[in-house]
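Residues per chain, in single letters:
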Amino acid sequence: MTKYWLFFVLTCIACISNPIIAQNSEQQRLEEQKQRLLAEIEQSKKILSEIKNKEKSIVAVIMQQKQKIDLRERLIQTNERQAQVLANEIKRNEKEIESLNKELEMLKGDYARMIKKSYTSQSEQSKMMYLLSSENLLQAYKRNEYMKQYANHRKQQAEEIHEKNESLKLEIEKLSRKKQQQENLIAEQEKEKEVLEKEKKEQEALANKIKKDQKKVIAEISKKQAETKKIDQRINQLIRQAIAEANRKSAAAKKGNTSSGSSTKAENNTSTTAPNKIDLTPEGQIVSNNFKANKGKLPWPTEKGYISMKFGNNPHPLEPSIIVNSNGIEITTDNGSKARAIFPGEVMMVQELSPVNRAVFIQHGDFITVYQNLTTVNVSKGQKIAVKDIIGSIRFNESTQKTSMKFSVLQNDVYLNPIQWLMPR
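Residues numbered from 1 in each chain as written. Predicted model: local features only at pLDDT ≥ 70, side-chain atom pairs only at ≥ 80, totals over all residues. Heavy atoms only, no water.

Caption draft 1: Representation of unusual backbone geometry in the model. The backbone of asparagine 373 sits at a positive phi, close to 70 degrees, despite the residue not being glycine. The residue asparagine 373 is located in strand S8 (residues 367–377) in this model. Looking at asparagine 373, the relative accessible area reads 13%, which means it is buried. Located in the positive-phi region is lysine 388, a residue other than glycine, with phi close to 70 degrees. In this structure lysine 388 comes out as partly exposed when scored by relative accessible area, which is 46%. (Helix = DSSP H or I, 4+ residues; strand = E, 2+ residues; numbered from the N terminus. Buried < 20%, exposed > 50% of the residue type's maximum accessible area, 1.4 Å probe, protein only.)

The following block contains the structure:
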């Protein structure tokens, strides 16, 4: 029975403490996210300053300004979530203080009544008379033990009152700190909103400047879109070739691992494999399963940086009527940054897409990761790669004053949203 009672008590304690742990964990996560966003905003400001100082095109300035605005809006959203978590913590602290105050008042009342009773009926003389009036020695002993227990009980109550007082002080201090944090957060939020409003006005003024050159801007955007489309087509062609080569390699491996009687069956199975799918060996299937099991937990392909282009269809920041399709994400990072592998695998190929754009393709079972916009490459075809191995150096673009890499994730020849595979930042 005692075991069941203990289990019940521990369960109750866990139920009470879990929300507190969850709140603290959420607050810590939001604070880490906030610090990352602040670092990304500083990085974006630095890039914007460099673009302005070098008198680059107003299009590049507007594009970078738009990214900075997006980051600041995310920072404000994070601050709002932090404020809500703090408000919940403050409310919980206030309830705890109210509960402790009630308990303290009850303890003080009981203690006062006990002291009063002690003074009215248990003076030193009356104690002695109480003992001497005992009928026998056993009764005297029992009365003496009772008075000792009574005195101990008074002492315990006094200690409990002291402990409750100390707990109350701690809760009041916690509440005071959290209210100060809340005030600081509100002030910070107002400041961020003012900066955001200023940045949006600057953006609007810049956009008005190029309205007279709208046709020229659209032509420039369309030209870049055409160049990107051409590179994408080239990559798709390379991936199909790589899949075909991987299947030939897989077929050869299967043939080598089977007897002559079963080799025909292996070849027949390979011949029925769809040309756009990788025919996996048992080892390749394990790698593929491991990659899939780590969805949302994979490290970023750069140590630092922020997403400057999302996956999928996005309206162009300068001309919303133009839809930009991206089969990966663009990550803007610090000058001199390196690209790194997000998962163990094997280099399928290294390709020069243009004189300033090299790409590395890494196979992870039937998954493929592609790292574009590299100036130098540190790996070669067929090389085994470990997680976070350096693949190459990311290119610094003189026209945009940005160091950015395009990163894609595919299963066979189907593009997936890389953000869903990387750990949250």
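Following the structure, the description resumes.
Caption draft 2: Structural detail: helix H7 (residues 282–293). With 12 residues, H7 ought to run about 16 Å at 1.5 Å a step, and its terminal C-alpha atoms sit 17 Å apart, in line with that. Residues Gly284, Ser288 and Phe291 constitute the buried set of H7. In a view along the axis of H7, the buried residues occupy a sector of 60 degrees, so they form one face of it. Exposed and oriented more than 90 degrees from the buried face of H7 are Pro282, Glu283, Ile286 and Ala293. Contacts from the buried residues of H7 go to strand S7 (357–364), S8 and strand S12 (402–411). (Expected span 1.5 Å × (residues − 1). Arc of directions from axis to C-beta. Contact = heavy atoms within 4.5 Å.)

Caption draft 3: Examining the confidence of the model for the protein chain more closely. Of all residues in the protein chain, 70% have pLDDT values of 70 or greater, and the mean over the chain is 76. When pLDDT is averaged over each element of the protein chain, strand S5 (residues 338–340) comes out on top at 97 and helix H6 (residues 260–271) at the bottom at 46. Counted against residues more than four places away or in other chains, residues 1–17, with its pLDDT under 50, gives zero contacts. Per-residue pLDDT stays below 50 along residues 259–271; that stretch engages in seven contacts with residues further than four places along the chain or on separate chains. (pLDDT = per-residue confidence, 0-100.)

Caption draft 4: Highlighting the layout of surface pockets. Considered as a void within the structure, the second largest pocket measures approximately 620 Å³ in volume. Along the walls of the second largest pocket sit 26 residues, with Lys249, Gly284, Glu346, Gln363 and Lys384 positioned nearest its centre. (1 Å grid on protein atoms, 1.4 Å probe; cavity = no way out; pocket = protein on both sides within 12 Å on 5 of 7 lines; lining within 4 Å. Points joined across faces, edges and corners; volume = space filled by probe spheres on them.)

Caption draft 5: Examining the environment of glycine 392 more closely. Tracing the backbone shows glycine 392 in strand S10 (residues 390–394). Taking relative accessible area as the criterion, glycine 392 reaches 0% and is therefore assigned buried. Sequence-wise, glycine 392 and valine 379 are 13 residues apart; in three dimensions their C-alpha atoms are separated by 7.5 Å.

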